[in-house]
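Tertiary structure, described
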Amino acid sequence: MNLPKLVHIKQRFIQNKIQNLELHIKEELKQNLPPLPKDYSIAITVGSRGISNRVLIVKTVVHYLKEMGCKPFIIGAMGSHGGGTAEGQMDVLNSLGYSEEVIGCPIVTSDEVVEVGKTKNGFMIYCDRYAWEANGIIVMNRVKLHTAFRGLNESGLLKMITVGLGKTKGANQLHRQGPANMSETLREVGGAFLQTGKVVAGIAIVENSFDETAHLEVIRPDEIIKKEQELLKIANSYFPRIPIENLDVLVIKTMGKNYSGTGMDTNVIGRKKIFGTPEPEKPSYQRIVVLDLDDASHGNATGIGLADITTDRLYQKIDKQKTYLNCLTSTYVQRGMIPLVMPTDKEAIEAAIQSLGMNHPESIRMAVIENTLELEHLYISENLVNEIKGKADIQSSPIEIPFSEDGTLNLSISVH
């Protein structure tokens, strides 16, 4: 099969990041974290996402709390991820670089929740047992677009409260409301939790298009809902996208929970796969091929159903128990369905092109990305070069798609 030649391009993103992050965090804590009694136990929420500078951020907060005389500890707060078990969630945290030796405080994971109240509309308010038994909670999370719904509040501190601290029960309750009602439910459940007085502060992180820490704010509990809405707008302005909205074939080298809750960010690929919810009009990619599952995802291949074709290499890495639990909890079972499985990368890409029935495969509109989080660098077919003028810079002359003898895509995509 005649395949299109590819050109390496580098996108032009806004460069804005916090230069001295440790100093910035300390100043934010000094200004916005109220004085806490000595020996206060403080639970700090840590999720399953590959947040940039995550270890430095948590270490700095832990050290600051210790200097106040408090007793901080990390609580695994990630809904049903890690198979929904204490052991699985500890594995996720360890793989992300969190350890008691590095962080400087205990790390606790649990699948137990307590019911701490009920909202005006009858939603249960759940909280991780160990976090609720602490004197206070610092809710920390990245603020960004959600992969299933739009609203005033999406992924952020309210979601960490509702889903992260709520574990599988909290996640299931939220997702049962459907995409149209999830943002409002987050505000109701998260807001009611804030009213308990257990949260002493929130730490909201916004990353730029280079996956760097652009904003970090320590927020007082009564300001969390409104401030998160403001930060979501900022996050949207940074959100990295593929510079071409219409493709015949999009090849994603690696997917995983460390890149997105759906393995591949739905806002990047233009697919949601939620029954009864219309798909976005743009971007529009006729065939999506995903080649591998990142080891940091621990076999959780939630989102594999967003692809059309995959490889046997990825398929063999799938932990069905973890993947199915995640999909059943979210209620989005289509996202766990297995696409066509091909023996090699080469055969997967060729199958995608063949399925389009085009007479001249070399004219295919194609892009190859590393994952849906890191999009500064990517490859596009040479027939698309004119369409990216003003948005990206060409980094190479056209090359044949390189495959090794066993059919593995041998394309190195330089990432920031």
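Residues numbered from 1 in each chain as written. Predicted model: local features only at pLDDT ≥ 70, side-chain atom pairs only at ≥ 80, totals over all residues. Heavy atoms only, no water.

1. Focus on unusual backbone geometry
Let me state the cut-off plainly: By the criteria applied, helices consist of DSSP H or I runs no shorter than four residues and strands consist of E runs no shorter than two, each listed in order from the N terminus. Only protein chains enter the accessibility calculation, which uses a 1.4 Å probe. A residue is then buried if its area is under 20% of the maximum for its type, exposed if over 50%, and partly exposed in between.
Omega for the bond connecting Lys282 with Pro283 falls within 30 degrees of zero, at -5 degrees, which places this linkage in the cis form. With respect to the element layout, Pro283 can be found in the loop between helix H10 (266-269) and strand S11 (284-293). The residue Asp39 is not glycine, and still its phi comes out positive at about 70 degrees. Tracing the sequence through the fold places Asp39 in the loop between helix H1 (21-32) and strand S2 (41-46). What makes Asp39 partly exposed here is its relative accessible area of 45%. Backbone geometry at Asn53 places phi at a positive 60 degrees, although glycine is not the residue there. Along the polypeptide, Asn53 turns up in the loop between S2 and helix H2 (54-67).

2. Notes on the sheet that holds strand S9 (residues 213-219)
The cut-off we apply is this: For two strands to count as paired, DSSP must find a minimum of two bridges between them.
Across the sheet, which stays open at both edges, the six strands sit in the order S4-S3-S2-S7-S8-S9 with mixed pairing between neighbours. Among the strands making up the open sheet, the edge pair consists of strand S4 (107-108) and S9. Taken together, the two bridges between strand S3 (residues 71-76) and S4 define a ladder with parallel strand orientation. Its bridge partner lying in S4, Ile75 is registered against Val108.

3. Notes on the sheet that holds strand S16 (residues 392-394)
Note the threshold: Angles shown run from 0 to 180 degrees and are taken between the N-to-C directions of axes, each axis being a line fitted to C-alpha atoms and, for helices, limited to the stretch in contact.
Pairing is mixed across the open sheet formed by eight strands, whose spatial order is S13-S12-S11-S10-S14-S15-S1-S16. With partners counted over all chains shown, the strands left at the sheet margins are strand S13 (340-342) and S16, one partner each. With direction set aside, neighbouring strand axes in the sheet form an average angle of 25 degrees. Bridge count between strand S10 (residues 246-255) and strand S14 (residues 366-369): four bridges; the pairing is parallel. Each bridged residue has a counterpart across the sheet, and for Ile252 the counterpart in S14 is Ile369.

4. A short note on the packing of helix H7 (residues 167-175) against helix H12 (residues 320-330)
For clarity, the cut-off: Angular relationships are summarised with four words: roughly parallel below 35 degrees, roughly antiparallel beyond 145, roughly perpendicular across 65 to 115, and oblique for the angles in between. Any two residues whose heavy atoms approach within 4.5 Å are treated as being in contact. All amino acids are sorted into three groups, where Ala, Val, Leu, Ile, Met, Phe, Trp, Tyr, Cys and Pro are nonpolar, Asp, Glu, Lys and Arg are charged, and the leftover types, Gly among them, are polar.
Look at H7 against H12: their axes get within 7 Å of each other, and the N-to-C directions meet at 45 degrees. Accordingly, the angle class assigned to the pair H7 and H12 is oblique. For the pair formed by H7 and H12, the contact residues are Thr168, Ala171, Asn172 and His175 on the first element and Leu328, Thr329 and Ser330 on the second. Residues that form the contact of H7 with H12 fall into these classes: two nonpolar, five polar and no charged.

5. Let's talk about the side chain of Thr266
Relative to the helices and strands, Thr266 resides in helix H10. For Thr266, a relative accessible area of 3% translates into the label buried. Not counting residues within four places of it along the chain, the set of residues in contact with Thr266 comprises Thr147, Ala148, Arg271, Lys272, Leu306 and Arg335.

6. Considering a nonpolar patch on the surface
Keep this limit in mind: Surface patches are defined over residues having more than 30% relative accessible area and no salt bridge, joining like charges when they lie within 9 Å and nonpolar side chains (Val, Leu, Ile, Met, Phe, Trp, Tyr) when within 5 Å. Using a 1.4 Å probe, accessible areas were evaluated by the Shrake-Rupley method; residue-level cover was limited to the displayed protein chains. Every case where a carboxyl oxygen of Asp or Glu lies within 4 Å of a side-chain nitrogen of Lys or Arg is listed as a salt bridge.
Together, Tyr324, Leu328, Val333 and Met337 line one region of the surface with nonpolar side chains, adding up to about 390 Å² of accessible area. Summarising the element assignment, Tyr324 is placed in helix H12.

7. Observations concerning the side chain of His8
Formally: N or O atoms within 3.5 Å of each other form a polar contact, as long as, within protein, one can give a hydrogen and the other can take it, and as long as residues adjacent in sequence are counted only when both atoms are side-chain atoms.
Within the fold, His8 resides in strand S1 (residues 6-11). The exposure class assigned to His8 is buried, which follows from its relative accessible area of 11%. A distance of 3.0 Å separates the side chain of His8 from the side chain of His377, its partner in a polar contact.

So, to be careful, I would describe these as geometric facts and stop short of saying anything about function.
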